Amino acid sequence: MVNFLYGIGFGLCFLVLFVLYRGIFGPGVFNRIAAISAIGTKTLVLLLIMGFIYNRAEMFIDISIVYALLNFVGTLAAAKYLEMEK
Amino acid sequence: MISNSTDIIIKTVARIFIPFIQLYALYVIMHGHHSPGGGFQGGVILGASLILLLITHGHRQAMERISEKLISNFFSIGVLIYAGIGLLCIFFLGNFLDYGKLANLLQVDIANARSLSILGVEIGVGLTVMAVMVSIFYNISKPAQSRKNEENHDKSISER
């Protein structure tokens, strides 16, 4: 079971690289915001997997809820800032 | 100046989420000794809920709900709770924040008195952090001649 979780975790870490490419070189700001949001979602799943590996899922679920919330608010704030720039 | 959002999805999601975010923040403050969290983290989440309200509903509506004066009252009350518990311990012949001395006042044994007073201190820290977060966000998102710009912006939206 732990090996399975490690496999999923490393797979997600590998997928983050593709999204990171879009975040660094992506044309335009909106691609970058979407990329950061996607990386945040992947980090959230990674946190949960880490929780299951350490057998302390209830603790990591708390952290990942906060991470999801701050990711949402951050994306919204960036979008609002760009709207105000116009 | 942040104006009222015209997107109904964002506003509805924020309106549904904000009470649950605040409930979760209270959980983080109260449950800080069993799980990650505590006063500071819970205060940041509580502040994030109010910042979400400000981002989605604009300055004017957020100011109606929670004005800058109320925010400054909140951070004074938070510091007052923290320092008050600390000074109360000095009053009962202990050191600053020496919670065990409050056992007689609360009429519980020493371990329970420590637990309860730490919870009180955490509530104070949470209130202060929440108020300071919201206050900083109010101040950085409001330019100097904000009032005039806001009125023009609202007028242009209503004309549209």
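Residues numbered from 1 in each chain as written. Chains lettered and ligands numbered in written order. Predicted model: local features only at pLDDT ≥ 70, side-chain atom pairs only at ≥ 80, totals over all residues.

Draft legend 1. Focus on the overall build of chain A. Scanning chain A for helices and strands turns up 3 helices and 0 strands. Ordered by position from the N terminus, the helices and strands of chain A form the series α-α-α. Its C-alpha atoms give chain A a radius of gyration of 15 Å, more than 25% over the compact-globule value 12 Å for 86 residues. For the C-alpha atoms alone, the extent of chain A along its principal axes is close to 50 × 25 × 10 Å. Counting over 86 residues, chain A shows a buried share of 7%. Contacts in chain A between residues at least 24 apart in sequence constitute 45% of all its contacts with a sequence separation of at least 6. (Helix = DSSP H or I, 4+ residues; strand = E, 2+ residues; numbered from the N terminus. Rg over C-alpha atoms; globule rule 2.2 N^0.38 Å. Buried ≥ 20, exposed ≤ 12 C-beta atoms within 10 Å, placed from the backbone. Contact = placed C-beta atoms within 7 Å.)

Draft legend 2. Region of interest: the interface of chain B and chain A. Listed by partner, the interface residues are 11 residues for chain B and 11 residues for chain A. The set of elements that each furnish at least two residues to the side of chain B that touches chain A consists of α1 (8-30) and α2 (39-65) of chain B. Counting residues per element, the side of chain B that touches chain A draws most heavily on α2(B), which supplies 5 residues. For the side of chain B that touches chain A, the class distribution of residues is 9 nonpolar, 2 polar and no charged. (Nonpolar A, V, L, I, M, F, W, Y, C, P; charged D, E, K, R; others polar.)

Draft legend 3. Up close: helix α2 (residues 29-53) of chain A. Over its 25 residues, α2(A) runs 36 Å from end to end, which matches the ideal 36 Å to within 8%, given 1.5 Å per residue. Of the residues trailing α2(A), A:Asn55 is marked for its positive phi of about 60 degrees. (Expected span 1.5 Å × (residues − 1).)

Draft legend 4. Geometry of the confidence of the model for chain B. Confidence in the prediction for chain B averages 85 pLDDT; 88% of positions are at 70 or higher. When pLDDT is averaged over each element of chain B, α1(B) comes out on top at 92 and helix α6 (residues 146-159) of chain B at the bottom at 60. (pLDDT = per-residue confidence, 0-100.)

Draft legend 5. Representation of α2(B). In this model, α2(B) (27 residues) spans only 23 Å end to end at C-alpha, well below the 39 Å of a helix rising 1.5 Å per residue. Extensive coverage of α2(B) is indicated by the burial of 20 of its 27 residues.

Draft legend 6. Quick peek at the nonpolar core. In terms of nonpolar packing, the biggest core is built from 36 residues, with B:Ile45, B:Ile51 and B:Val134 touching the most fellow members. Listed by contribution, the elements that provide at least two residues to this core are α3 (57-85) of chain A together with α1, α2, α3 (68-91) and α5 (110-140) of chain B. The residues contacting B:Ile45, other than those within four sequence positions of it, are A:Val66, A:Leu69, B:Ile21, B:Tyr24, B:Ala25 and B:Val28. (Core = buried A, V, L, I, M, F, W, Y, C linked by C-beta atoms within 7 Å.)

Draft legend 7. View of the packing of α2(B) against α5(B). Residue and element names in this part refer to chain B. Orientation of α2 relative to α5, taken along the N-to-C sense of each, is 35 degrees, at an axis distance of 7 Å. Crossing of α2 against α5: the hand is right-handed. Note on element contacts: α5 touches α2 through Glu122, Ile123, Val125, Gly126, Leu127, Thr128, Val129, Met130, Met133, Val134 and Phe137, opposite Gly39, Phe40, Gly42, Gly43, Val44, Leu46, Gly47, Leu50, Ile51 and Leu54. Among the residues forming the contact of α2 with α5, the class breakdown is 14 nonpolar, 6 polar and 1 charged. (Axes fitted to C-alpha atoms, helices over the stretch in contact; angles between N-to-C directions. Left-handed = near helix turned anticlockwise from the far one by under 90°.)

Draft legend 8. Highlighting the packing of α2(A) against α3(A). Residues and elements named next belong to chain A. For the pair α2 and α3, the least separation of the axes is 8 Å and the interaxial angle reads 175 degrees. When the interaxial angle is binned, α2 and α3 end up roughly antiparallel. Residue classes in the contact of α2 with α3 are distributed as 17 nonpolar, 7 polar and no charged. (Parallel < 35°, antiparallel > 145°, perpendicular 65-115°, else oblique.)

Draft legend 9. Looking closely at the environment of A:Tyr81. Residues and elements named next belong to chain A. Tracing the backbone shows tyrosine 81 in helix α3. The class for tyrosine 81 is partly exposed, based on 13 C-beta atoms found within 10 Å. With 36 residues separating them in the primary sequence, tyrosine 81 and valine 45 have C-alpha atoms 28 Å apart.

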